[in-house]
Every structure is written in structure tokens, then in C-alpha cells.
2 protein chains.
Amino acid sequence: MVKMSDVAEKANVSKATVSRVLRNPETVKKTTRDKVLAIIEQLNYQPNILARHFRRSETNTILVVIPNILNTVFSHILGGIEHEAGKHGYRVLLANTNRQVEKEYEFLDHLKQRQVDGMILLSARMDKSVLYDVMKQYPVVLTADYLEGIPIPTVTIDNVSSGRTATEHLIKLGHSRIAHITGPLHLLVSQDRLKGYRQALLQNDLDVDNILIQEGDFTHESGYNQMTKLLALEHPPTAVFSANDEMATGIIKAAKDHGLSVPEDLAVVGFDNVKLSAIYDPGITTIAQPMFEMGNKAMEILLHQINGDDSCKKQYVLQNELVIRESCGAKRKNNS
Amino acid sequence: MVKMSDVAEKANVSKATVSRVLRNPETVKKTTRDKVLAIIEQLNYQPNILARHFRRSETNTILVVIPNILNTVFSHILGGIEHEAGKHGYRVLLANTNRQVEKEYEFLDHLKQRQVDGMILLSARMDKSVLYDVMKQYPVVLTADYLEGIPIPTVTIDNVSSGRTATEHLIKLGHSRIAHITGPLHLLVSQDRLKGYRQALLQNDLDVDNILIQEGDFTHESGYNQMTKLLALEHPPTAVFSANDEMATGIIKAAKDHGLSVPEDLAVVGFDNVKLSAIYDPGITTIAQPMFEMGNKAMEILLHQINGDDSCKKQYVLQNELVIRESCGAKRKNNS
DNA sequence: TTGAAAGCGCTAACAG
DNA sequence: CTGTTAGCGCTTTCAA
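About the criteria used
Numbering of residues starts from 1 in every chain and runs along the sequence as written. Chains carry letters and ligands carry numbers; both start at the beginning, A for chains and 1 for ligands, and go up in the order they are written. Where local features are concerned, this predicted model is filtered to residues with pLDDT of at least 70; where side-chain atom pairs are given and counted, the filter is 80 or more; whole-chain, interface and lining totals use all residues. In computing side-chain values, all of the structure's heavy atoms are included and hydrogens and water are not. In these notes, residues near a molecule or strand are those with any non-hydrogen atom within 4 Å of it. Counting of polar contacts relies on pairs of N or O atoms within 3.5 Å, with two restrictions inside protein: one atom must be capable of donating a hydrogen and the other of accepting it, and residues adjacent in sequence are counted only when both atoms are side-chain atoms. Helix and strand labels come from DSSP, where a helix needs a run of H or I of at least four residues and a strand needs a run of E of at least two; each type is numbered from the N terminus. Basically, the charged four are Asp, Glu, Lys and Arg, the nonpolar ten are Ala, Val, Leu, Ile, Met, Phe, Trp, Tyr, Cys and Pro, and anything else, Gly included, counts as polar. A least-squares fit on C-alpha atoms brings the copies together, and the residues used are those whose pLDDT is at least 70 in both copies. Whether two residues are in contact is decided by their heavy atoms: any pair within 4.5 Å suffices. By convention, the term buried area covers the 1.4 Å-probe accessible surface removed from two parts as they join, with the contributions of both added. The working definition used for a salt bridge is a side-chain nitrogen of Lys or Arg within 4 Å of a carboxyl oxygen of Asp or Glu. A cavity, in this analysis, means grid points on a 1 Å lattice covering only the protein atoms where a 1.4 Å probe fits yet has no way out; a pocket is instead an open set bounded by protein on both sides within 12 Å along at least five of seven lines, and a residue lines either one if it has an atom within 4 Å of a point. Grid points are joined across faces, edges and corners, and a volume is the space filled by probe spheres set on the points. Put simply, two rings from Phe, Tyr or Trp (the six-membered ring, in Trp's case) pair if the centres are within 6.5 Å, and we call them stacked under 30 degrees between planes, edge-to-face over 60, tilted for the rest. For the exposure calls, accessible area comes from a 1.4 Å probe over protein chains only, and a residue counts as buried if that area is under 20% of its type's maximum, exposed if over 50%, partly exposed in between. Only Lys NZ and Arg CZ are tested; either one counts as a charge over a ring when it is within 6 Å of the ring centre and within 35 degrees of the ring normal. Two strands make a pair as long as DSSP finds a minimum of two bridges between them. Orientation is described by lines fitted to C-alpha atoms, with helices fitted over the stretch in contact, and by angles between N-to-C directions that extend from 0 to 180 degrees.

Under the annotation held in an unreviewed UniProt entry, chain A carries the name Transcriptional regulator, LacI family and is attributed to Fictibacillus solisalsi.

K.L.:
Now, about the protein's contact with DNA strand C: what can you tell me, with residues and values included?
P.N.:
Not every one of the 26 residues close to DNA strand C is listed here, only the nearest: Arg20 and Thr32 of chain A together with Lys15, Tyr45 and Arg55 of chain B. Residue Met4 of chain B places a main-chain N or O atom 2.6 Å away from a phosphate oxygen belonging to DNA strand C. At 2.8 Å, a side-chain N or O of Arg56 of chain B approaches a phosphate oxygen of DNA strand C. Mapped onto the surface near DNA strand C, the elements with two or more residues apiece are α2 (15-23) and α4 (49-56) of chain A together with α2 (15-23) and α4 (49-56) of chain B. Tallied by class, the residues present in the surface near DNA strand C amount to 10 nonpolar, 6 polar and 10 charged.

K.L.:
Which residues make up the relation of the copies chain A and chain B, and what values do they have?
P.N.:
When chain A is fitted to chain B, the best match, at an RMSD of 0.1 Å, comes from turning it 180° and sliding it 0.0 Å along the axis. Taken together, these values place the two copies in the relation of a two-fold axis. Residues of chain A ranked by C-alpha distance from the rotation axis are headed by Leu93 of chain A, positioned 2.2 Å from it. A symmetric contact is evident, with 100% of the interface residues of chain A recurring at the interface of chain B.

K.L.:
Would you mind going over the interface of chain A and chain B in detail, with residue names and values included?
P.N.:
Taken together, the contacts link 40 residues of chain A with 40 residues of chain B. Overall, the association of chain A and chain B removes approximately 3,800 Å² of surface from exposure, summing both partners, and the carbon and sulfur fraction of that is 63%. At the boundary of chain A and chain B, one finds 6 salt bridges. Along the contact surface separating chain A from chain B lie 14 residue pairs in polar contact (both at pLDDT 80 or more). Elements that contribute at least two residues to the side of chain A that touches chain B include exactly α4, α5 (72-87), β2 (91-96), α6 (101-112), α10 (220-231), α11 (245-257) and α12 (275-279) of chain A.

K.L.:
Quick rundown of empty space enclosed by the protein? Include the residues and the values.
P.N.:
Enumeration over the complete set of coordinates arrives at 1 cavity of 30 Å³ or more. By volume, the largest cavity amounts to about 160 Å³. Around the largest cavity, the lining comprises 15 residues; the ones closest to its centre are His53 and Arg91 of chain A together with His53, Thr59 and Arg91 of chain B. Of all the secondary structure elements, the ones that give two or more residues to the lining of the largest cavity are α4 and β2 of chain A together with α4 and β2 (91-96) of chain B. Looking at the lining of the largest cavity residue by residue, the classes come out as 5 nonpolar, 8 polar and 2 charged.

K.L.:
Any details on the packing of aromatic side chains? Residues and values, ideally.
P.N.:
Under the defined criterion, the tally for this structure stands at 4 aromatic pairs over all chains. Ring centres of Phe54 of chain A and Phe54 of chain B lie 5.2 Å apart, and the angle between their planes is 25°; this geometry places the pair in the stacked category. Here Phe54 of chain A is found in helix α4, whereas its partner Phe54 of chain B is found in helix α4 on a different chain. Assessed through its relative accessible area of 32%, Phe54 of chain B is described here as partly exposed. In this structure, Arg193 of chain B packs its charged tip against the face of Phe271 of chain B, placed 3.7 Å from the ring centre.

K.L.:
Give me the sheet that holds strand β4 (residues 140-143) of chain B: which residues, what numbers.
P.N.:
With respect to topology, 12 strands assemble into an open sheet ordered β11(A)-β5(A)-β4(A)-β3(A)-β1(A)-β2(A)-β2(B)-β1(B)-β3(B)-β4(B)-β5(B)-β11(B), the strand pairing being mixed. The open sheet is flanked by β11 (315-318) of chain A together with β11 (315-318) of chain B, the only strands paired with a single partner. In this sheet, adjacent strand axes meet at a mean angle of 25° when their direction is disregarded. One ladder, built from 3 bridges, connects strand β3 (residues 118-121) of chain B with β4 of chain B; its direction is parallel. For Leu121 of chain B, the partnering residue across the bridge sits in β4 of chain B and is Leu142 of chain B. Strand contacts of helix α13 (residues 291-306) of chain A: β1 (61-66), β3 (118-121), β4 (140-143), β5 (154-157) and β11 of chain A, with the helix running at about 165° to β4 of chain A, the strand carrying the most contacts.

Below you can see the structure in the form of C-alpha cells.
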């Protein structure tokens, strides 16, 4: 392996000069620089990045802590992170927690040991005070999730208002008996979407019937099961707001199996706008989360922090959008 | 930052002993070891991993080169890799190529510069001879894709036999006019699935009608468009084998929009067995690729190579499986 | 604009 | 079983 001293020797300069040519070319006289560059080319010299990382104690690598790579929402955010990171010469290390808190702590050590320059969390179950201590000392951004009470930089959408938008859309379509199948209620985003649902009903003088609120776990199966329960009620709902798109497919399946048509007999609105919602038949009306942009923005903020600019340590709320497809029945109405 | 010499001093031993306690505890007398461990605890010493990587010129990190993270097949394989890597203390660096060859070459440099201990490719578009040179010197595994002519370790399924299985299944159900919507034909896997399709027809004395073979690009939209074309034929097919599940949803959609029912008027078989195929209505009969296992196996082989065992540098073919759901019409027949 | 020199913190011979 | 010693290859003062 050819090293810097080999280049230096052959070019009749010092190691220091070679180093400068590589990292601060403008501080070296052009003729010297060209000479060194030529030798580097000739010897096919590749700097030892490990030595550089060690010496500079920085890695050009950031860590992304993800609860589950198989979840399309997370992989889209990851795509956004990767894109932005790549543009700036940063590498992305994957850290799959499988929703285990212990794993989160483990990966925190990576950051503390300076094995990475910063960290983006896609879920934060760890102790708030621990995270708070970390974020004071190291670059950290949270996205897709958020925490109350600690000022950690966050990139999210407004899940309360999104939940309200989804529900109001169904109300405007004339529904008054609207169910909500929530995500896991230990997640703040699920609580928020539920909160938005409640607000929409109340603001439109509709009763909140707790029997119409069922907790799901974001899977197709839970959507199917909870909807089946709802359809067994004496007064079943005529519309459902589902906390994500996958559950919405389960809801629609349950309705069909019960002999109902969507949207004629049951209107459905989902959440996320993953590809599934566009592909499914009927197309699922949904709240679009700007997943790619969330990743991008999170990475952008992290880079600012890494570069010592802490002015970006704020809460960022990105715009969500209602995407109307067939499952809610609005299109049909518009056509007639 | 407390360092090894601090621990050594406080414990009245040499740095070497501290290092041994950390990396080869069994070579240190128990009492000494316990003393050192206690001091480490007390000082909350964290070894500088960057220094270790530099010194040992190894990183405990492997690189996964992925054409597109958003593709569920790839993210499942990634999941398998991550799982196996985690078990052995290896970290996974993500490298998204967005299908650009230049990116592949770029990431190859990572490996050559020893920034990572090994590399798993989920697609290999680069020049074979380049890859061949690399694989002779560095640990590399290819999965989900393969290359002809060079002996690079590979983990795949047999796409020819899978294509045959899928097509034969449709033949057994009584179909004789079977179409195939392929993946992008510059990919060997697409060519192989097509080859299997052809073999199945020929072996069953059915004509291969080229008009029934249309090239798609693995998206829902291409499935929809190509199926629409096929349905406009004078003698449209009564069954279709789709090279992946997402296109199968487009095919089904096109059939419905054309007033046909699936599977009654058109039988459909997909490929991959991603969650979508189970969720979709109708459920899509498909060839299951053991995605997680592929990732696992690939990582396992890579670890062997990293540890200097080259006996594993072989081609591994994993088992695929036909998963029967509603879209092919077999279930109905069984019931009647 | 360039060079000399001093490490960064750890590991691994080697010797005892 | 433990200590001494000599770096790994690079960056960065400091001085010229």
C-alpha cells in the first residue's frame, strides 16, 4: 500500500505538503501542487481514510436509528437522508432497533464513542433525560416521531391537524358515524391522529362514540380485525379514518368480506400515502406525509449541527396534504 | 476523554495489559483483570474505536450496495443482512446507487481503501473484469442478482425454475394462452424468469406466442399498461405470469378496468411474495423468494471471507416456493 | 509557501 | 502473565 511518505519522497516535498494538497490545495503553490498531484496519479496513491478519521476524530458517517427497515414509511425517510448525506460526502450507517429500547442505548454508544459524527432517530423510546444529555453534547435529530418536554431538534408533520383534516373530509362528505382505527397508542403520533379525529368531530357538533375508536398496530391484519368488530355493531360506522394505509387495506378487505362496497357503503381514509395506497383497488384517499423531504430536512439540520451551527436546533413542521382517491367516495360525487 | 493510559496508570499496569483485558481477557490473570475492569468502570473509560480501527486496519463495518432502498425486495434482504451482521458485531453501511454504475465504482473505492471490511452487492452492473479483480482481493458477495462467467460468491434463487413453476401452475389450471410481463430485460433475473416461462410452455406442447410477452419495468404502472395492450389483442390471454408482485397489481387493475374478473376471466401469478401480494384483493399467487434468508446467507458467507476462509466462495441457490392465493383461481377450484 | 517534528490512542511483537 | 517499545499514516502546529 503506497502511503503519503512515498508520494512526498518521490515529489521531493514533505508529507505536510502532500497532506495540504489533499485537504487545502489553495495553500500550496500551483507548480508544487501539480507536481504532487502528478505523482499521486502516477503511484495511484489512495489516502488511508482510517488514519485520517483517527487523526481528525471525525468519520464522515452518520447513524440512522430505525425501528424497522421493512416499514415503507421509514425506508422512504431513509431514502431522503441518504440522498442528502451523499450530496455532502457523508455515509449512512444503519441501525435497526426492531423497536427494542436496549438497542437504542447501544447505538447511542456509537455516537458517544465518536464512531459517527451525528445521529438521526426515527423513533425515540429511550429515557428522555438520557437523550437530553446526549443532544446537548452531540449532533442529534429526531424525525417521524417527537418527544414532549425536551428541546431536541425535530422534523415532523402536524399529526393532530392531519387527523382533523382526514376526519373533516369524511364529515364534509356527509358522514356522521365515523370510526377511527388508531395506531399503537403508546406512540405520540397515534395519540395525535386520534386527537385530531376527536377535534374534528367536536368542532362539527358530532358525538365522539368511544366504541368507534379501536386500537390497531399499523398492520393489515389489525385493520381487518378491528373493522370486523366494528361491522358487528348494532350501528356500524359509515366511514373510517385509519391511522395508516396498510390498516386501511385491511379495513376495506373486511368491508368487502362483509358484503359491503367501498366507498359506497363504507368510506375509508388512510394515512401516509405510501405506494400501496395508490396501487390498491380502490385507490386509498390518504394524508400524504412528505417522507423523502423529512429525511432530507433531518439530514440538513444534522449537518448544520455537525458544522457547529446550533441555530437550527428547532422543531420543524412540514406540510401534509390530503390526497383524494376512490376509497372515500369524493371522486364519485364530483363526477356526478 | 479518558484514555487507555489513564486506566493503566490508575491500575498500576501497562497499557498493554489494559488492551489485553479488552481484547483477550483470558490472557490476563483474573485478579489483574478484575482490577483493570474496576478502574475502567470507575473512570467510565470508552476505548477510542477510531484508533483501534486505524491500528488494526479493520472497521467491523460492511457495505451494502443497493440499487433502490424503496424496493421492498431489497429492504427485506437488507433486513436479513442487518440481522446477521448485528449478531456478529458488524455494522452495516448503506450505499444507494439509484441504479447508476458510476455509483457502484465509487463505492468500490470504499472497499479498496479498506474503509469497510467487505461488501454485499444487491446488483452488479459494473464491468465484470473490474469486479473480478476486486473479488480476488477483497471479501465480496453478490445476492439478488448474479453474473455469468466469473466465480463471484452468489446467493440467489433459481429464477429459471421459478418462472417454470409459475407458468406450469397456470398450465395445470387449464390455461393455454398465457402471457408473461417481464421485468427489465437487461437484468439476468428477468431473462431467467422469461426463460422458465418459455420452457414451461414448450414442455407442455404449447406455442410461445411472442405477442404475449411484454417487457415491463417492475412498476404497477408498467403492469397496467402492458396488460391493457394485451387485452386489446384479438386473442387476449386468459392468464398472465408477472415477473413481480407490483406489476401483478397493475395487471389485475387493468383487467378490472376492462370489465374482467380475476381470477374468473384472467388468472394472475406474481413473483416475490412481498407483503403487497398478501394484502392485495384478490390475494396474489406468487413465487416466494426467501429474501430475509438471502440476506442472512450473504452476510454469513461474507463473514467467512473476512475471517480468511475462502472455501465458501461458491454459488448458493436457495429454495423458492409457490404460494397459492386467489389471483390464479386454484383455490376456487379446490373448493368446488 | 514549505518543512520538521510531535503526536492522535491503540495494538502487537518481543522480551522478561 | 506482564511490561517495554515501536510504530500504524495522517494532520497540524510552529518555525523558517
